[in-house]
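# Geometric and topological summary
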Amino acid sequence: ACDLMNQGILALVSSIGCTSAGSLQSLADAMHIPHLFIQRSTAGTPRSGCGLTRSNRNDDYTLSVRPPVYLNDVILRVVTEYAWQKFIIFYDNDYDIRGIQEFLDKVSQQGMDVALQKVENNINKMITGLFATMRIEELNRYRDTLRRAILIMNPSTAKSFITEVVETNLVAFDCHWIIINEEINDVDVQELVRRSIGRLTIIRQTFPVPQNISQRCFRGNHRISSSLCDPKDPFSQSMEISNLYIYDTVLLLANAFHKKLEDRKWHSMASLTCIRKNSKPWQGGRSMLETIKKGGVNGLTGELEFAENGGNPNVHFEILGTNYGEDLGRGIRKLGCWNPITGLNGSLTDRKLENNMRGVVLRVVTVLEEPFVMVSENVLGKPKKYQGFSIDVLEALATYLGFKYEIYVAPDHKYGSPQDDGSWNGLIGELVFKRADIGISALTITPDRENVVDFTTRYMDYSVGVLLRKAEKTVDMFACLAPFDLSLWACIAGTVLLVGLLVYLLNWLNPPRLQMGSMTSTTLYNSMWFVYGSFVQQG
């Protein structure tokens with residue numbers, strides 16, 4: 001490195017973390033050397049803002065090649081579009097949670113209920129620990145929290161985490177998760193969709209691709225290797241975004257140096273040494289920096305240019321999503337895109353169901369259970385009329401979708417259980433034998449029933465509770481005696497008296513030999529106090 005610095009430096013290009021970037025920024029500012037900083041995250045984990053100290057613009061020689069971190073703005077816009085009010089955020093060990101502090105402050109001001117949980121490296125051990133430490137009621141509440149979740153982690157951790165929670169039945173088909181990371185390629189997207197259930201939304205950074213295939217590998221008079229310019233090429237898919245920005249940065253510097261030569265404004269290169277401490281700032285540093293800032297290049301990451309503050313303003317996010325469903329490996333489509341100038345382009349709201357059931361008559365089987373299903377009118381010779389919470393839901397669906405229905409009660413008035421021959425009775429049996437199209441009642445979802453029929457999302461959790469009268473608080477002066485029974489206190493008192501008496505008799509029958517001038521007391525009173533002091537461990 002010292003030999004290279006002795007030969008001369010025109011610019012510094014670094015692809016490092018925020019901690020090391022501060023040191024290079026100080027060196028570049030002191031020696032007037034243009035520094036093009038490309039922020040790199042750890043193992044594909046989402047970035048957090050570096051917060052590089054910006055001094056006087058005349059003394060600032062660091063340019064940020066990668067755009068600012070807009071995760072806070074994108075997440076807030078998407079969550080607002082989905083109208084979430086309660087959700088949990090999972091993040092991995094390598095992510096700096098301070099990166100979403102602005103987002104947390106804004107959702108807190110809007111009254112949203114947000115929980116945070118770090119995902120450990122050993123995900124299996126983490127999930128096992130939840131089942132070992134949580135009671136059934138706590139697990140049910142935790143499952144309800146997992147219905148809406150945001151994952152801020154690298155793609156490999158996200159795949160493992162989704163696999164674990166799906167296999168352990170911590171999430172159901174009504175869940176909706178959002179995964180946000182700039183470093184998600186097409187292979188990661190397909191794998192995440194394949195492993196997940198419910199609804200999945202993926203937010204990632206994307207780069208514009210020329211529509212003309214013949215022009216994809218040409219940037220001005222520069223030709224790019226086909227393995228890099230083809231978005232479907234496996235090598236291009238596996239490249240980190242930081243490496244794409246490195247390629248474009250080198251291309252930008254080459255254009256800047258070429259312009260310097262054309263304008264005949266070339267300066268001698270900056271020379272640094274590892275030995276001498278009196279290295280002087282480069283006289284041509286400011287001119288080279290201005291040439292780089294005024295230049296621009298259309299590369300693998302799109303338009304690479306710098307604003308007045310030394311940052312790259314060009315960034316685009318792509319929002320992909322699936323619909324709710326049970327099928328693993330279902331398709332995913334583009335829902336919209338986001339950029340800091342125009343905001344969200346597209347709609348993330350669910351597509352409404354089509355009214356394509358007009359003229360259809362469905363047979364609905366039920367079991368009477370107040371207040372869900374009740375008989376409201378029973379006139380001889382006419383069909384019974386029903387009312388209740390479940391009937392209201394059925395009526396709303398019928399009005400919206402346009403179907404008609406006929407309700408009848410299960411012949412044996414039972415919900416349904418498996419029989420010895422493998423068949424089912426009750427409401428479940430009517431559905432299994434295709435005698436009814438829909439079953440509606442206060443039916444409990446169990447694994448056995450889920451194996452033979454499909455359930456909707458649960459709309460009520462029921463548990464048995466016991467109501468007790470609140471005990472009146474009274475002041476008891478003898479509360480200190482409560483830890484022991486009265487008989488035990490009597491035994492203690494008797495022991496003190498008996499042992500004290502024995503100590504007194506032993507001292508009286510065989511008094512100890514004392515030195516000249518010493519005094520002692522062997523009265524019965526002192527013997528009792530000696531034993532009592534031993535009991536309460538006091539002198």
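Residues numbered from 1 in each chain as written. Predicted model: local features only at pLDDT ≥ 70, side-chain atom pairs only at ≥ 80, totals over all residues. Heavy atoms only, no water.

### A closer look at the overall build of the protein chain
Across its full length, the protein chain holds 17 helices and 20 strands. Burial analysis of the protein chain (539 residues in total) assigns 38% to the buried set. In the protein chain, 67% of the contacts between residues at least 6 apart in sequence involve partners at least 24 apart. On the protein chain, roughly 32,500 Å² of surface is accessible, and the fraction owed to carbon and sulfur atoms is 55%. (Helix = DSSP H or I, 4+ residues; strand = E, 2+ residues; numbered from the N terminus. Buried < 20%, exposed > 50% of the residue type's maximum accessible area, 1.4 Å probe, protein only. Contact = heavy atoms within 4.5 Å. Areas by Shrake-Rupley, 256 points an atom, 1.4 Å probe, with all protein chains shown as cover.)

### A few points about a nonpolar patch on the surface
There is a patch of nonpolar side chains on the surface, built from Leu498, Val499, Leu501, Leu502, Leu505, Trp508, Leu509 and Leu524 and spanning about 760 Å² of accessible area. Ranked by the residues each element gives to the nonpolar patch, the list is headed by helix α16 (residues 486-509), at 7 residues. Counting through the fold element by element, Leu505 comes out in helix α16. (Patch = residues over 30% accessible without salt bridge, like charges linked within 9 Å, V, L, I, M, F, W, Y side chains within 5 Å. Salt bridge = Lys/Arg side-chain N within 4 Å of Asp/Glu carboxyl O.)

### Points about the UniProt feature "transmembrane region" (unreviewed entry) in the protein chain
Taken from the UniProt record, the annotation "transmembrane region" (unreviewed entry) applies to residues 486-509. Secondary structure content for residues 486-509 is 100% helix and 0% strand, while the C-alpha to C-alpha distance between its ends is 35 Å. (UniProt positions renumbered as here; feature names shortened; annotations may be inferred.)

### Focus on the packing of helix α5 (residues 123-133) against helix α6 (residues 136-145)
Where α5 contacts α6, the axes come no closer than 8 Å and their chain directions differ by 135 degrees. As far as their axial angle goes, α6 and α5 are oblique. Contacts from Leu130, Phe131 and Thr133 in α5 reach Glu138, Leu139, Tyr142 and Arg143 in α6. Its residues assigned to classes, the contact of α5 with α6 shows 4 nonpolar, 1 polar and 2 charged. (Axes fitted to C-alpha atoms, helices over the stretch in contact; angles between N-to-C directions. Parallel < 35°, antiparallel > 145°, perpendicular 65-115°, else oblique. Nonpolar A, V, L, I, M, F, W, Y, C, P; charged D, E, K, R; others polar.)

### A word on the environment of Leu104
Its location among the elements puts Leu104 in helix α4 (residues 101-109). Take Leu104: its relative accessible area is 15%, and that puts it in the buried class. The spacing of Leu104 and Leu76 is 28 residues in sequence and 9.2 Å in space, taken between C-alpha atoms. Apart from the residues within four sequence positions on either side, Leu104 is in contact with Ile89, Val114 and Leu116.

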